[in-house]
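Read off the chains here:
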There are 2 protein chains.
Amino acid sequence: MSDEMKMVIVVDRSIKMGPGKMAAQVGHAAVSCALAAERYDKRNFDAWMAEGQQKVVVRVDTTKELLRTKMAADDLGLTNALIKDAGHTQLAPGTTTCLGIGPAKQSVLDQVTGDLKLL
Amino acid sequence: MSDEMKMVIVVDRSIKMGPGKMAAQVGHAAVSCALAAERYDKRNFDAWMAEGQQKVVVRVDTTKELLRTKMAADDLGLTNALIKDAGHTQLAPGTTTCLGIGPAKQSVLDQVTGDLKLL
């Protein structure tokens, strides 16, 4: 079985956002992880880019679950970025909306996000 | 009036995608533009990052309009990335899904996307 390079973005569905707002937050997470990996995890970054920068968007139903997922990513030493909204529109400033993890191998990401459903 | 740095992502709504798929495509556009700007348009990249990497997601209703928007961005010399889906899921390989433009000043982006509605 292939073990592809992916980035996973976990969206907190308990935060009410329109589809464009949500997509912008996912974009924020993806950019933050990509730039961090480019600097500090170049091998995974290069492999992920070479394989077409695949992304998977999944969901959790509570902020607690989002934060627990971040801790699990930290424990494995995975590049990750917790996104807080600036609060210009729709949300209160500092509201956490989503979490980017990776890029990393699918098999490693599965240890953290393998049980989460696609958004 | 302030002239903030933004990135605009234009989604082609004539392509049928679920919300997670769409968010992943927006993420792809955002990462592609950010990495391109980091290399080739460092001044705008740095200013955008310093201002919190703002993103706006807007929509067009036809692929023709998406491509016309890309041409307008090219004409102004704006960093941009037309995203084609790899076709692993949901869409046929090579389907264009969205277009990232910028980062650039809002006033410049408005010449290209100022008439487009928020997604």
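Each remark here, short or long, concerns the structure printed above.
About the cut-offs
Residues numbered from 1 in each chain as written. Chains lettered and ligands numbered in written order. Predicted model: local features only at pLDDT ≥ 70, side-chain atom pairs only at ≥ 80, totals over all residues. Heavy atoms only, no water. Pairing = 2+ DSSP bridges. Helix = DSSP H or I, 4+ residues; strand = E, 2+ residues; numbered from the N terminus. Contact = heavy atoms within 4.5 Å. Buried area = accessible area lost by both parts, 1.4 Å probe. Salt bridge = Lys/Arg side-chain N within 4 Å of Asp/Glu carboxyl O. Polar contact = N/O pair within 3.5 Å; in protein donor to acceptor, adjacent residues only side chain to side chain. Nonpolar A, V, L, I, M, F, W, Y, C, P; charged D, E, K, R; others polar.

Participant: Can you help me understand the pairing of strand S2 (residues 55-60) of chain A in this one?
Facilitator: On a regular strand, each side chain points to the face opposite its neighbour's, so the side chains alternate between the two faces of the sheet. All names here are of chain A. With six bridges joining them, strand S1 (residues 5-12) and S2 adopt parallel strand pairing. Paired with Met7 across the bridge in S2 is Lys55. Two elements, S2 and strand S5 (residues 117-118), share two bridges in a ladder whose sense is antiparallel. Bridge pairing links Val58 to Leu118 in S5.

Participant: What is the right way to look at the interface of chain B and chain A in this model?
Facilitator: Reports of interface size often rely on the accessible area that becomes lost once the parts have come together. Contact with chain B, which involves 25 residues of that partner, is made by 25 residues of chain A. For the pair chain B and chain A, the summed buried area comes to about 1,900 Å², and 68% of that belongs to carbon and sulfur atoms. Joining chain B to chain A, the criterion identifies two salt bridges. Taken together, the connections running from chain B to chain A amount to six residue pairs in polar contact (both at pLDDT 80 or more). Among the elements that line the side of chain B that touches chain A, the one with the most residues is helix H1 (residues 19-40) of chain B, at 15 residues. For the side of chain B that touches chain A, the residue count by class is 14 nonpolar, eight polar and three charged.

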